Amino acid sequence: MIYLKTNEEIELMRLSNQLVGKTLAEVAKVIKPGVSTLELDKVAEAFIRDNGATPAFLGYGGFPNSLCTSVNDHVVHGIPSASTILKEGDIVSVDCGTFMNGFVGDSAYTFCVGEVDPAIQDLLRTTKESLYKAISVVGDGVRLGNVSHAVQSYCESKGYSVVRELVGHGIGRKMHEAPEVPNYGKHGSGILLKSGMCICIEPMINMGTKNVIFEKDGWTIRTRDRKPSAHFEHCIAIVDGDVQILSSFDYIEKVLNETAINY
Ligand code: MG
Ligand code: MG
């Protein structure tokens, strides 16, 4: 069942999601060659708790950390580790969730570590652009399949592939609520979106094959052909008929611009 939120509840969701954006900006400040993904996790957990919230991922289904950190061919759900050291030319997808005032925030961004191959930068740019293309079609009375199709058609037109096994989701008091929000689908299919719905749209886009492998650690998902994968996620709401982005990349991109490592 889809839980519709009141405008007051959506304001609380906005607070949780803005904190995710600010947390990812703190993470952005420390991403560089030589840093471990566990160090990123520690920065995020401390910042979330300092702001009166709880890391939503920590303990979720037994997940051991506050961030998912997925490097290069890892698509999503990578476990932060002291032995995973970022190096020049890597990309790292950082997914973050917060719980505050009874509501969850959830957003993700893929970062470059130092100088990254322009072809991989294009994958990141395309994945992020596909997210905004999907958001631009959201509104009262729009079929969910139109949103899914927007991601798929854009990314496939650029020669990239869409992961099928993982999807976006409704969100609210719980991190994962109905409906599922696939990154692939047909125009005109699916449920009708309406005011009060909050969903996370999160394209997971591969440079090569769409096929993925579930690693033995029980969490990490990687591309079958070991080519890179990118992940960007926003939490959005439909408020009085129109889409609003509750999360934000503004804090992140301010940091990236200041450190000249934006792409
Ligand atoms: Mg997420
Ligand atoms: Mg999500």
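Residues numbered from 1 in each chain as written. Chains lettered and ligands numbered in written order. Predicted model: local features only at pLDDT ≥ 70, side-chain atom pairs only at ≥ 80, totals over all residues. Heavy atoms only, no water.

**Q** I tried to follow the pattern of salt bridges on my own but got confused; where do I start?
**A** For side chains bearing opposite charge, pairing can occur when the charged atoms are close. Summed over all chains, the structure comprises eleven salt bridges. The residue Arg226 makes a salt bridge to Asp73 at a minimum N-O spacing of 3.0 Å. One end of the pair, Arg226, is in the loop between β12 (221–223) and β13 (229–231); the other, Asp73, is in the loop between β2 (67–71) and β3 (74–76), with 153 residues separating them in the sequence. (Salt bridge = Lys/Arg side-chain N within 4 Å of Asp/Glu carboxyl O. Helix = DSSP H or I, 4+ residues; strand = E, 2+ residues; numbered from the N terminus.)

**Q** It is not clear to me how unusual backbone geometry should be interpreted in this structure. Could you clarify?
**A** What you tend to see is this: most non-glycine residues have negative phi, and most peptide bonds are trans. A cis amide bond, omega 0°, links Ala178 with the succeeding residue Pro179. Within the fold, Pro179 resides in strand β8 (residues 177–181). The phi dihedral of His77 is positive, around 70°, even though this residue is not glycine. Assessed through its relative accessible area of 26%, His77 is described here as partly exposed. Phi is positive for Asp240, close to 50°, though the residue is something other than glycine. (Buried < 20%, exposed > 50% of the residue type's maximum accessible area, 1.4 Å probe, protein only.)

**Q** Would you take a moment to explain the sheet that holds strand β10 (residues 204–206) for this structure?
**A** Remark on secondary structure: sheet strands pair via backbone hydrogen bonds, oriented parallel or antiparallel. Across the sheet, which stays open at both edges, the three strands sit in the order β6-β10-β13 with antiparallel pairing between neighbours. Of all the strands in the sheet, the pair left with one neighbour each is β6 (161–162) and β13. Across three bridges, β10 lies against β13 in antiparallel orientation. Across the sheet, Met204 pairs through a bridge with His231, a residue of β13. (Pairing = 2+ DSSP bridges.)

**Q** For this particular structure, what's the right way to read the coordination of the magnesium ion (ligand 1)?
**A** Around a metal, the idealised angle for a tetrahedral arrangement of four donor atoms is 109.5 degrees; for an octahedral arrangement of six donor atoms it is 90 or 180 degrees. Each protein donor to the magnesium ion (ligand 1) is listed here as Asp95 (OD), Asp95 (OD), Asp106 (OD) and Glu233 (OE); together their distances run 2.0 to 2.5 Å. Distance-wise, the magnesium ion (ligand 2) is placed 3.1 Å from the magnesium ion (ligand 1), both being coordinated by Asp106. One end of the pair, Asp95, is in strand β4 (residues 91–100); the other, Glu233, is in the loop between β13 and β14 (234–239), with 138 residues separating them in the sequence. The same class applies to Asp95 as to Glu233, namely buried. (Donors = N, O, S within 2.8 Å, 3.2 Å for Na, K, Ca; no water.)

**Q** Even after reading the chapter, I still don't get the coordination of the magnesium ion (ligand 2), so can you show me in this structure?
**A** Binding of the magnesium ion (ligand 2) to the protein goes through Asp106 (OD), His169 (NE2), Glu202 (OE) and Glu233 (OE), at separations of 2.0 to 2.3 Å. Given the relative accessible area of 2%, Asp106 is considered buried. The class for Glu233 is buried, based on a relative accessible area of 0%.

**Q** Quick question: what am I supposed to make of the pairing of β14 here?
**A** Looking along a regular strand, one sees side chains alternate from face to face of the sheet. The buried fraction of β14 is high, at six of six residues. Because side chains alternate across β14, one face comprises the buried residues His234, Ile236 and Ile238, and the other comprises Cys235, Ala237 and Val239, equally buried. In the sheet, strand β9 (residues 198–201) pairs with β14 via four bridges, with the strands oriented antiparallel. Directly across from Cys200, in β14, lies its bridge partner Cys235. In this structure, β14 lies alongside strand β15 (residues 242–245), joined through four bridges in antiparallel fashion. The residue bridging Val239 from the neighbouring strand is Asp242, located in β15. Between the end of β14 and the start of β15, which pair antiparallel, lie two residues, with Asp240 showing a positive phi angle near 50°.

Just distances and angles here, no functional claims.
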